[in-house]
Amino acid sequence: MKKAICILMAAVMLLSLCACGSGGEDAEDVVFQNDLDVVIHSIYISSSTEDEWGDPVNSAKLNSGSSTHIDFDKFAGDGAYYDVGVVDENNVNYDVYEVSLAIGDTLALSESDGTPVLTVTGTDGKTATYDVYAYDG
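Residues numbered from 1 in each chain as written. Predicted model: local features only at pLDDT ≥ 70, side-chain atom pairs only at ≥ 80, totals over all residues. Heavy atoms only, no water.

For soluble globular proteins, nonpolar side chains are generally found buried alongside one another. Core analysis: the biggest nonpolar cluster contains 26 residues, and Phe-32, Ile-45, Phe-75, Val-84, Leu-101, Leu-109 and Leu-118 have the highest contact counts within it. Elements that contribute at least two residues to this core include exactly β1 (29–34), β2 (40–47), β4 (81–88), β5 (92–100), β6 (106–112) and β7 (115–121). Top contributing element to this core by residue count: β5, with four residues. With residues up to four places along the chain from it excluded, the contact list for Val-84 reads Phe-32, Tyr-44, Ile-45, Trp-53, Tyr-94, Asp-95, Val-96, Val-99, Leu-107 and Leu-118. (Core = buried A, V, L, I, M, F, W, Y, C linked by side-chain atoms within 4.5 Å. Buried < 20%, exposed > 50% of the residue type's maximum accessible area, 1.4 Å probe, protein only. Helix = DSSP H or I, 4+ residues; strand = E, 2+ residues; numbered from the N terminus. Contact = heavy atoms within 4.5 Å.)

Written out as structure tokens, the structure reads:
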């Protein structure tokens, strides 16, 4: 009987720990949404004060219509403005400069009338749209 109670208590504690960890992960993230008709291979975000892109902030390809959470600490810089670079499956580069970003924002890369656009939605629901410079890599 003692073993059964210990096993039951261990299971309850394990479930409690799992529940605690799942909610807090996204608190320091931004969300990147792929609204293009192609697969995204790499996403780069760096402070606008940096001269180099650095490493990609995503760990896997991002299918059309999918989104991924990106830890803000992976690219956090000394200001509120960032440059965003994306490379798709066709080796097309999408660059956006001086994007205002904060923890909790959602970035959506899409096309409007054949022109790529980046829309950033803040936690307050306000949106900002940025022109995207697209070119073959």
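This part takes up the side chain of Asp-105. Structurally, Asp-105 can be placed in the loop between β5 and β6. One buried charge, Asp-105, has no salt-bridge partner; the nearest side chain with opposite charge is Lys-126, at 12 Å. At a separation of 2.8 Å, a polar atom in the side chain of Asp-105 contacts the main-chain amide nitrogen of Ala-102. Setting aside residues no more than four positions away along its own chain, Asp-105 makes contact with Asp-29, Val-30, Val-31, Ser-100, Val-120, Thr-121, Gly-122 and Thr-123. (Lys, Arg positive; Asp, Glu negative; His and termini not counted. Salt bridge = Lys/Arg side-chain N within 4 Å of Asp/Glu carboxyl O. Polar contact = N/O pair within 3.5 Å; in protein donor to acceptor, adjacent residues only side chain to side chain.)

Right, let's get into the sheet that holds strand β8 (residues 127–131). Taken together, five strands build an open sheet; the order of strands is β3-β1-β6-β7-β8 and the sheet is mixed. Two strands in the sheet have a free side with no partner beyond their single neighbour: β3 (67–71) and β8. Pairwise comparison of adjacent strand axes, ignoring direction, gives a mean angle of 25 degrees for this sheet. Of the strand pairs in this sheet, β1 and β6 are connected by four bridges, and their pairing is parallel. What sits directly across from Phe-32, in β6, is Leu-107. (Pairing = 2+ DSSP bridges. Axes fitted to C-alpha atoms, helices over the stretch in contact; angles between N-to-C directions.)

This part covers unusual backbone geometry. Of note in the backbone geometry, Asn-91 takes a positive phi value of approximately 65 degrees without being a glycine. Take Asn-91: it is sitting in the loop between β4 and β5. Positive phi values are uncommon outside glycine, yet Asp-113 reaches one of about 55 degrees. With respect to the helices, strands and loops of the structure, Asp-113 is situated in the loop between β6 and β7.

Evaluated as defined, the whole model comprises six aromatic pairs. Aromatic pair Phe-75 and Tyr-82: ring centres 5.4 Å apart, planes at 85 degrees, arrangement edge-to-face. Owing to a relative accessible area of 5%, Phe-75 belongs among the buried residues under this scheme. A relative accessible area of 1% means that Tyr-82 is categorised as buried. Taken together, the ring pairs connect Tyr-44, Trp-53 and Tyr-97 into an aromatic cluster. (Phe/Tyr/Trp six-rings, centres within 6.5 Å; stacked < 30°, edge-to-face > 60°.)

Across the sheet, four strands lie side by side as β2-β4-β5-β9; this open sheet has antiparallel pairing. Of all strands in the sheet, those bounded by a partner on one side alone are β2 and β9 (133–136). Direction aside, neighbouring strands of the sheet carry axes that sit 20 degrees apart on average. By the bridge criterion, six bridges tie β4 to β5 in an arrangement that is antiparallel. Bridging across to β5, Tyr-81 finds its partner in Ser-100.

Looking at where Ile-40 falls in the secondary structure, it is placed in strand β2. As for Ile-40 and Lys-61, which are separated by 21 residues in sequence, their C-alpha atoms are 5.7 Å apart. Sequence-distant contacts of Ile-40, that is, excluding residues within four places in its chain, are made with Phe-32, Asn-34, Lys-61, Leu-62, Val-86, Val-87, Asp-88 and Leu-109.

Everything listed here is a matter of geometry and, on its own, says nothing about what the molecule does.
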